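Each chain, letter by letter, is given below.
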Amino acid sequence: MILIADGGSTKTSWCLVNNEGRETYFETEGYNPYFVDSSYILRSLHESLPPHLKADKVTSVSFYGAGCGSEKDSVVMEALQVVFANARVEVAMDLVAAARALLGSTAGFAAILGTGTNTCLYDGREIIQNIDSLGFILGDEGSGGAMGKRFLGDYIRGLLPQELSEIFVKTYDLSPAEIIDQIYSKPMANRFCAGFSKFIYDHLEFDYATNLVRSNFDTFFSSLVSKYPDYTSYSFNCIGSVGFSFRPILEKSAASFGMPVGRVLKSPMPGLVSYHMELAGCHQ
């Protein structure tokens, strides 16, 4: 049996594939190794794994997660190796999950376009080049966080169309001072800003909203994607709610930079299941 995990800081989605290829899905809390230690993960897994899962029968565990792909991998690895003592355990970053879900065993270009962004060139198994997205403060161009940050700045400066500004006030009842306090004084400013991408999506009938999204994606391509060598020789593939929701506008940005759009997925799990079943010689 193989076990695959797509982990965030809040929630981890799991898929268990048995020897007959039958899939079972379940969830646990998130295990970002920057926030929890091995003993915490160990306790949580013992409490959260479904009763029908026989840990000693699992032969392979692939854990992709927030905070992984660094010196912190050992935090997750140690806990998984204790729980699944007979399994080969792999821990990798979420960008590896995106590439494998999008491209399988084929080389190409893969990206994440969600709350944050990330990009890479992939050789069919591993990432071979990654230009740092720099995170919310210095970068993350194209992300929901960057889009929301620009929108909120325009609102505070009085640059929104009057009708859209009035709709925003009625929807959220947030003063400029409250927005500033939320961003500069509270944790997770990136998530706060990214939350407004839904409001932008819901009001794409305004030229302002459409132009904002287009500008966000154009900056993403000019600042990140176009910096990869021979980037126009690849198709553009991405995972994440922002790329998925705004695909028609994303396609226009990609075309203006000479890249055809390939696969655009909201979640990596279906693609990860296919990748690992193929790797294990299973058939769906």
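What counts and what doesn't
- Within every chain, residues take consecutive numbers counted from 1 along the sequence as written.
- The predicted nature of this model means local features are confined to residues of pLDDT at least 70 and side-chain atom pairs, given and counted, to a pLDDT of 80 or more, with totals for whole chains, interfaces and linings taken over all residues.
- Excluding hydrogens and water, the side-chain figures rest on all heavy atoms present in the structure.
- Between N-to-C directions, angles cover 0 to 180 degrees, with each direction set by a line fitted to C-alpha atoms, over the stretch in contact for helices.
- Helix numbering and strand numbering both begin at the N terminus, where a helix is a DSSP run of H or I of at least 4 residues and a strand a DSSP run of E of at least 2.
- In what follows, roughly perpendicular refers to angles from 65 to 115 degrees, roughly parallel to angles under 35, roughly antiparallel to angles over 145, and oblique to any angle outside these ranges.
- Any two residues whose heavy atoms approach within 4.5 Å at even a single point are treated as in contact.
- Strand pairing is assigned whenever DSSP detects at least two bridges linking the two strands.
- Accessible area is worked out with a 1.4 Å probe on protein chains only. A residue is then buried under 20% of its type maximum, exposed over 50%, and partly exposed in between.
- For Phe, Tyr and Trp, rings pair up if their centres lie within 6.5 Å, where Trp contributes its six-membered ring, and each pair is then called stacked (planes under 30 degrees apart), edge-to-face (over 60) or tilted (otherwise).
- Over a ring means this: the NZ of a Lys or the CZ of an Arg is within 6 Å of the ring centre and within 35 degrees of the ring normal.

Asks: Even after reading the chapter, I still don't get the packing of helix H3 (residues 94-103) against helix H13 (residues 269-280), so can you show me in this structure?
Replies: When two helices pack together, their arrangement is given by the angle between the helix axes and by the axis-to-axis distance. Two elements in contact, H3 and H13, have axes whose closest approach is 7 Å; the angle formed by their N-to-C orientations is 75°. With respect to their mutual orientation, H3 and H13 come out roughly perpendicular. Judged by residue contacts, Ala97, Arg100 and Ala101 of H3 engage Gly271, Leu272, Tyr275 and His276 from H13.

Asks: When you look at the sheet that holds strand S7 (residues 117-122) in this model, what are you seeing that I'm missing?
Replies: Adjacent strands of a sheet form backbone hydrogen bonds with each other and so pair up, either parallel or antiparallel. Across the sheet, five strands lie side by side as S8-S7-S6-S9-S10; this open sheet has mixed pairing. The open sheet has two edge strands with one neighbour each: strand S8 (127-129) and strand S10 (261-265). Sheet twist, expressed as the average angle between the axes of neighbouring strands with direction ignored, equals 35°. Looking at chain direction, S7 and S8 are connected through two bridges and run antiparallel. Considered in S8, the bridge of tyrosine 122 is made with isoleucine 127.

Asks: What exactly am I supposed to notice about the pairing of strand S6 (residues 108-113) here?
Replies: A regular strand carries its side chains on alternate faces of the sheet. Of all the six residues making up S6, six are buried; the element is thus mostly covered by neighbouring parts of the structure. In S6, alternate side chains face the same way, and those of Gly108, Ala110 and Ile112 on one face and Phe109, Ala111 and Leu113 on the other are all buried. Pairing between S6 and S7: six bridges, direction antiparallel. Residue pairing for S7: alanine 110 is matched across the bridge by cysteine 120. In sequence, S6 turns back onto S7 through a hairpin of three residues. Bridging between S6 and strand S9 (residues 236-239) involves two bridges; their strand directions are parallel. Counted as the bridge partner of alanine 111 is cysteine 238 from S9.

Asks: How should I be thinking about the packing of aromatic side chains in this particular structure?
Replies: Between two aromatic rings, the relevant description is the distance of the centres plus the angle of the planes. Under the defined criterion, the tally for this structure stands at 19 aromatic pairs. Both rings, one in phenylalanine 192 and one in phenylalanine 196, keep their centres 5.1 Å apart while their planes meet at 85°; by these two values the pair is edge-to-face. Assessed through its relative accessible area of 17%, phenylalanine 192 is described here as buried. When the ring of phenylalanine 221 is compared with that of phenylalanine 236, the centres are 5.1 Å apart and the planes differ by 50°; the resulting orientation is tilted. Taken together, the residues span a long stretch of sequence, with phenylalanine 221 in helix H10 (residues 207-223) and phenylalanine 236 in strand S9 at a distance of 15 residues. Phenylalanine 236 carries the same exposure label as phenylalanine 221, and that label is buried. Taken together, the ring pairs connect Phe151, Tyr155, Phe168, Tyr172, Phe192, Phe196, Phe199 and Tyr208 into an aromatic cluster. The ring of phenylalanine 136 carries the charged tip of lysine 149 above its face, separated from the ring centre by 4.7 Å.

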